[in-house]
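What the coordinates show
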Amino acid sequence: MRTFSNVWRCVALAAVFVLNVAHSADAFAAVRKFEMNIEDTRITLVEKQQYHTFAFAGQVPGPLFYVDEGDQIEVNVNNVTALPHSVHWHGMLQKGTWKMDGVPGTTQEAIKPGESFTYKFTAEPSGTMWYHCHVNVNEHVALRGMWGPFVVRPKKPTALEKTVTKEFIMMLSDWDSKWSSKPGFGGVPGDVYDFFTINGKSFPDNQPLRVNKGDVVRLRFIGAGDLVHSIHLHGHIMKVAFKDGFPLANPISADTILVGPGERYDVIFTADNPGRWMIHDHVDSHTMNGDRPMGGIMSVLEYNEIKPDDFYDWKAKKFEPNFYYEESLKKGPGVYTNDGFKGQAVQ
Ligand code: CU
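Residues numbered from 1 in each chain as written. Predicted model: local features only at pLDDT ≥ 70, side-chain atom pairs only at ≥ 80, totals over all residues. Heavy atoms only, no water.

What to know about the overall build of the protein chain
How we decide: Under the DSSP-based scheme used, a helix requires at least four consecutive residues in state H or I and a strand at least two consecutive residues in state E, with every element numbered from the N terminus. All radius of gyration figures rest on C-alpha atoms, and the globule criterion is 2.2 Å times the number of residues raised to 0.38. Residues are treated as being in contact if the distance between any of their heavy atoms lies within 4.5 Å. Surface exposure here means Shrake-Rupley accessible area, sampled with a 1.4 Å probe, where a residue is shielded only by the protein chains that are shown.
Counting its regular elements, the protein chain contains four helices and 24 strands. The C-alpha atoms of the protein chain give a radius of gyration of 19 Å, which matches the 20 Å a tight globule of 347 residues would have. Seen along its three principal axes, the alpha-carbon backbone of the protein chain occupies a region of about 55 × 50 × 35 Å. Sequence separation of 24 or more characterises 75% of the internal contacts of the protein chain that already satisfy a separation of 6 or more. In the structure as shown, the protein chain presents an accessible area of about 14500 Å², 55% of it carried by carbon and sulfur atoms.

This is the structure in structure tokens:
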């Protein structure tokens, strides 16, 4: 089954990202060109639990696309795997470009193994969006990690979002371990999800969110899996400021929000309560790793001012500063891969 051309594999190993920025007819819009492969990749969710994915650029989540509203986007996608795929740019309106919507059998033929397809569209509207495969979504999106963040910076930011000093992306997803080494199968009635991840990693192998007192923090939640997650942040009041990228006229206050499949919520809060605070899924079964509790969708909001205590589970944690794309998001528009999300190529 895996006898496809090694030519594309070479391209994959080169992990080439081409970013060309030029000016389009709109004086303020850029033309942004990207090259992206889909690769058979084995990732580790937590501890010894590995999973065979069809990974964008060999990583789960896929690269962050961070662009400006109105930019002209061109993404050439090379399918290096043995199964057909496509890319749906979830949230993009595709005005006049419906054939770029990425739905096989409706807007295009699926991209066959060894073939390529170039998506061209305008980044519209602004907000927290995402992209995912639209072939056999029950398996490819729900179980094979075929998703990544797509953030469109608005031409006219809201007063509230202008106050933000630090932002994080959290993609929530669910896995059924019985299909972990059976690519091409799974996503069927009766599947039982037994692993749960934030950005492809379960607690304790994910990362803390580190802030300083006084930061105004934006969390961009993306429901990339098949289940609804009930996210509770301790010690703070979140303002729910955006739904699916759209600003809410009157942001509501919350300590727990539901994030369903496909949904995005952006919450903003002030880091005004130094300490270590849990952020976790309140669906108890989503805080398990297989049959073991205290895993899954859990993390800790850490203030840099607070020194580690001996009892702290993560006192010796090796910190990865871009796990939530927080460093990439500081840099402004571009496409950002993340070495921490890279898996191993599967031949
Ligand atoms: Cu696919």
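A few points about the sheet that holds strand β19 (residues 276-281)
The strands that make up a sheet are held in pairs by hydrogen bonds between backbone atoms, and each pair lies either parallel or antiparallel. Note the cut-off: Any two strands between which DSSP finds at least two bridges are classified as paired. In this analysis, axes come from line fits to C-alpha atoms, helices being fitted only over the stretch in contact, and the angle between any two N-to-C directions falls in the range 0 to 180 degrees.
Overall, mixed pairing links the five strands, which are arranged β12-β22-β19-β14-β17 in an open sheet. The outermost strands of the open sheet, each flanked by one partner alone, are β12 (209-211) and β17 (256-259). Strand-to-strand, the axes of this sheet are offset by a mean angle of 20°, without reference to chain direction.

Section: the confidence of the model for the protein chain
The cut-off we apply is this: Confidence scores here are pLDDT values: one per residue, from the predictor, ranging 0 to 100.
When pLDDT is averaged across the protein chain, the result is 93; 92% of the residues are at 70 or more. Contacts of residues 1-18 to residues separated by more than four positions or lying in other chains number 40 contacts, the stretch itself having pLDDT below 50.

Things to note about the packing of aromatic side chains
Working definition: an aromatic ring pair is given by the centre-to-centre distance plus the angle between the planes. For clarity, the threshold we go by: Each aromatic pair joins two rings of Phe, Tyr and Trp (for Trp, the six-membered one) with centres within 6.5 Å, and gets the label stacked for planes under 30 degrees apart, edge-to-face for over 60, and tilted for any other angle. Relative accessibility decides the category of a residue: with a 1.4 Å probe and only protein chains considered, values under 20% of the type maximum give buried, values over 50% give exposed, and everything between is partly exposed. In this analysis the charged atom, NZ for Lys or CZ for Arg, is taken to sit over a ring once it is within 6 Å of the ring centre and within 35 degrees of the ring normal.
Counted by the stated rule, this structure contains 18 aromatic pairs. Consider the rings of F117 and Y119, whose centres lie 4.6 Å apart with planes at 55°: the pair is tilted. Residue F117 is classed as partly exposed on the basis of its relative accessible area of 23%. Between the aromatic rings of Y325 and F341, the centroid separation amounts to 5.6 Å while the plane-to-plane angle is 50°, which identifies the pairing as tilted. In this pair, Y325 is assigned in the loop between β22 (298-303) and α4 (326-330) and F341 in the loop between β23 (334-336) and β24 (344-345), connecting sequence segments 16 residues apart. Residues Y325 and F341 agree in their burial class; the two are buried. Taken together through their ring pairs, the aromatic side chains of F34, F56, F65, W89, F117, Y119, F121, Y131 and F150 make up a single cluster. Above the ring of F242, the side-chain terminus of R218 is found at 4.5 Å from the ring centroid. Residue placement shows R276 over the ring face of Y312; its charged tip is 4.2 Å from the ring centre.

Here's the deal with the domain arrangement of the protein chain
In plain terms, the rule: As annotated, the domain borders come from an automatic or database domain assignment. Once two parts are put together, the accessible area they lose, assessed with a 1.4 Å probe and summed over both, is termed the buried area. By definition here, a salt bridge exists when the distance from a side-chain nitrogen of Lys or Arg to a carboxyl oxygen of Asp or Glu is within 4 Å. Side-chain atoms alone can form a polar contact between residues adjacent in sequence; in general such a contact is a pair of N or O atoms within 3.5 Å, and within protein one must be able to donate a hydrogen while the other accepts it.
One can read the domain layout of the protein chain as domain 1 (2-156) and domain 2 (161-329). Here the C-alpha centre of domain 2 lies 23 Å away from the C-alpha centre of domain 1. Of the residues lining the interface, 39 residues belong to domain 1; the matching set on domain 2 comes to 43 residues. Counting each side, the surface lost to burial between domain 1 and domain 2 is near 3200 Å², with a carbon and sulfur contribution of 62%. Connecting domain 1 to domain 2 are one salt bridge. When the shortest N-O distance is used, the salt bridge between E47 and R292 registers 3.4 Å. If you look at where domain 1 meets domain 2, you find 17 residue pairs in polar contact (both at pLDDT 80 or more). Listing elements by their share of the side of domain 1 that touches domain 2, those giving two or more residues are β2 (30-46), β3 (49-56), β4 (64-68), β8 (127-132), α2 (137-140) and β9 (147-153).

Remarks on the pairing of strand β10 (residues 166-175)
Of all 10 residues in β10, 10 are buried, a share of seventy percent or more. Side-chain alternation along β10 places K166, F168, M170, L172 and D174 on one buried face and E167, I169, M171, S173 and W175 on a second face that is also buried. Where β10 meets strand β13 (residues 216-223), seven bridges bridge the pair, whose relative direction is parallel. Bridging across to β13, F168 finds its partner in L219. The sheet contact formed by β10 and strand β11 (residues 195-198) spans four bridges and is antiparallel. Looking across to β11, one finds that W175 is bridged to F195.

Focus on the nonpolar core
Put simply, the rule reads: What is meant by a nonpolar core is a set of buried Ala, Val, Leu, Ile, Met, Phe, Trp, Tyr and Cys residues, joined one to another through side-chain atoms within 4.5 Å.
Residues L219, F221 and I257 are the most contacted members of the largest nonpolar core, which totals 53 residues. When residues of this core are assigned to their parent elements, the largest contribution, six residues, is made by β10. Mapping this core onto the domain boundaries places at least three of its residues in each of domain 1 (2-156) and domain 2 (161-329). Once you skip the residues sitting within four places of it in the chain, F221 turns out to touch M170, I231, I257, V259, E263, R264, Y265, V267 and I279. Ranked by size, the runner-up nonpolar core spans 27 residues in total, among them F56, V75, Y131 and V135.

Observations regarding the coordination of the copper ion
Our working rule: Atoms of type N, O and S within 2.8 Å of a metal are treated as its donors, and for Na, K and Ca the window is 3.2 Å; water is not considered, so some sites may appear to be missing partners.
Surrounding the copper ion are the protein donor atoms H85 (ND1), C133 (SG) and H140 (ND1), which sit 2.0 to 2.1 Å from the metal. Along the chain, the residues donating to the copper ion are arranged with the sequence spacing H-x47-C-x6-H. Taken together, the positions of H85 in the loop between β5 (72-79) and β6 (88-90) and H140 in helix α2 put the pair 55 residues apart, joining distant regions of the chain.

With respect to the environment of E74
Relative to the helices and strands, E74 resides in strand β5. When the C-alpha atoms of E74 and E35 are compared, they prove to be 8.5 Å apart, with 39 residues separating the residues in sequence. The contact partners of E74, leaving out residues within four places of it in the chain, are V31, R32, K33, F34, Y119 and K120.

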